[in-house]
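# Overview (structure and organization)
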Amino acid sequence: MTQGALAEAVGMAQPSVWKLASGGAKGSRKTVQIAQVLGVRPEWLSDGVGPMRSDSKESNIAPESEWGTIEVWDSKTPLRDDEVEVPFLKDIEFACGDGSYNEEDYNGFKLRFSKSTLRKIGASTDGHGILCFPARGNSMEPNIPDGTTVAINTEDKKIVDGKIYAISEDGWKRIKLLYRVGPDTVSVRSYNSVEHQPEDKPLEKIEIIGRVFWWSVLDY
């Protein structure tokens, strides 16, 4: 594939593709799209992690006999016995560390989760402590692109290396990977490490709002 064809396929300028191919740039917000066009895994293209391509002999699609159905629902659809509704905030800024949120600008939207899902992550099955909001910025790309809806469990604040957390630092709220690097030090990291370098912070300076346990992104 020519650089011009790749640029057109992913909606980039050809000089930007040339810069990537020549080593002049080490990352791109279009990594996922580029990987899809080239038929390689985004993780391999971004960081050289794992095989270049997925094993075509293995299928991730369940047999048709195990397929379920899709049901349409809206705010007026009654909740099932095994479902709960949780708040969907406009922004992470409205999330508080104790699991509450700012009522002044809460949009009233809600998302639904099954109680079994919440049970699996050790959350309250009544939905208490679960908050959803859109992630912002490119620091967690390609795994969590800008605009991705994420859900956090504000009752889970224990740091497990490599897990994703919503954190607050002097009021600055972000979605980041956390690693313990000392008794009183935590490393704050991003998937997009090219543009966002790791930061070592005193543990006392970081407030953990909750652990990210689910996210959903629309690929368009």
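Here the structure is shown first, and the text comes after it.
These lines cover the structure that appears in this document, whether it is placed above or below.

### With respect to the nonpolar core
- Membership of the largest hydrophobic core comes to 15 residues, with the highest contact counts inside it found for F133, V150, I152, I164, A166 and I175.
- Looking at this core, the elements that each hand over two or more residues are β3 (130-134), β4 (149-153), β5 (164-169), β6 (172-182) and β9 (207-216).
- Setting aside its immediate chain neighbours within four residues, A166 contacts I92, F133, I152, R174, I175, E207, I208, I209, G210 and V212.
- Counting 10 residues, the second-largest nonpolar core is a separate cluster that includes V86, L118, C132 and A151.

### With respect to the pairing of β6
- Examined bridge by bridge, β5 and β6 share 6 bridges and lie antiparallel to one another. The residue bridging Y165 from the neighbouring strand is K176, located in β6.
- Counting the residues between successive antiparallel strands, the hairpin from β5 to β6 contains 2 residues, one of them, D170, with a positive phi of roughly 55°.
- When β6 meets strand β7 (residues 185-189), the two strands line up antiparallel, connected through 5 bridges.

### Some points on the environment of F88
- Its location among the elements puts F88 in the loop between β1 (83-87) and β2 (110-114).
- Residue F88 is classed as buried on the basis of its relative accessible area of 18%.

### Some words on the pattern of salt bridges
- Within this structure, the stated rule accounts for 9 salt bridges.
- Where D156 meets R211, a salt bridge forms, and the shortest distance between an N and an O atom there is 3.0 Å. Placement of the pair is D156 in the loop between β4 and β5 and R211 in strand β9, with a sequence separation of 55 residues. Like D156, the residue R211 is buried in the burial classification.
- Residue K201 pairs with E169 through a salt bridge whose shortest N-O separation is 3.1 Å. Note that K201 is positioned in strand β8 (residues 199-202) and E169 in strand β5, a separation of 32 residues in sequence. Both residues of the pair, K201 and E169, belong to the buried class.
- Where salt bridges share partners, they join E169, R174, E199 and K201 into one cluster.

### Re the side chain of R211
- Taking the relative accessible area as the measure of exposure, R211 reaches 17% and is therefore buried.
- Beyond its immediate chain neighbours, meaning those up to four positions away, R211 contacts A151, I152, N153, D156, K163, I164 and Y165.

### A closer look at the layout of surface pockets
- As a volume, the largest pocket reaches approximately 950 Å³.
- Considering the residues around the largest pocket, the lining is formed by 38 residues, among which R29, K30, T31, V32 and Q33 are closest to the centre.
- Sorting elements by how many residues they give to the lining of the largest pocket places helix α3 (residues 31-38) first, with 6 residues.
- Classifying every residue of the lining of the largest pocket gives 16 nonpolar, 14 polar and 8 charged.

### Things to note about the sheet that holds β5
- Within the open sheet, the 7 strands sit side by side as β3-β4-β9-β5-β6-β7-β8. Their pairing is antiparallel. With one partner strand each, in any of the chains shown, β3 and β8 form the two edges of the open sheet. The sheet shows a mean angle of 45° between the axes of neighbouring strands, direction not considered.

### Regarding the packing of helix α1 (residues 3-10) against helix α2 (residues 14-21)
- For the pair α1 and α2, the least separation of the axes is 8 Å and the interaxial angle reads 115°. In this structure, α1 meets α2 at a crossing whose hand is right-handed. Note on element contacts: α2 touches α1 through Q14, V17, W18 and A21, opposite Q3, G4, L6 and A7.
- Among the residues forming the contact of α1 with α2, the class breakdown is 5 nonpolar, 3 polar and no charged.

### What about α1?
- Those residues of α1 that fall on the buried side of the exposure criterion are L6, A7 and V10. Considered in projection along α1, the buried side chains sweep an arc of 100° and stay on one side of the axis.
- Residues of α1 that are buried in the fold lie against α2 and α3.
- Within two residues after α1, G11 carries a phi angle of roughly 75°, on the positive side.

Rules and cut-offs
Residues numbered from 1 in each chain as written. Predicted model: local features only at pLDDT ≥ 70, side-chain atom pairs only at ≥ 80, totals over all residues. Heavy atoms only, no water. Core = buried A, V, L, I, M, F, W, Y, C linked by side-chain atoms within 4.5 Å. Buried < 20%, exposed > 50% of the residue type's maximum accessible area, 1.4 Å probe, protein only. Helix = DSSP H or I, 4+ residues; strand = E, 2+ residues; numbered from the N terminus. Contact = heavy atoms within 4.5 Å. Pairing = 2+ DSSP bridges. Salt bridge = Lys/Arg side-chain N within 4 Å of Asp/Glu carboxyl O. 1 Å grid on protein atoms, 1.4 Å probe; cavity = no way out; pocket = protein on both sides within 12 Å on 5 of 7 lines; lining within 4 Å. Points joined across faces, edges and corners; volume = space filled by probe spheres on them. Nonpolar A, V, L, I, M, F, W, Y, C, P; charged D, E, K, R; others polar. Axes fitted to C-alpha atoms, helices over the stretch in contact; angles between N-to-C directions. Left-handed = near helix turned anticlockwise from the far one by under 90°. Arc of directions from axis to C-beta.

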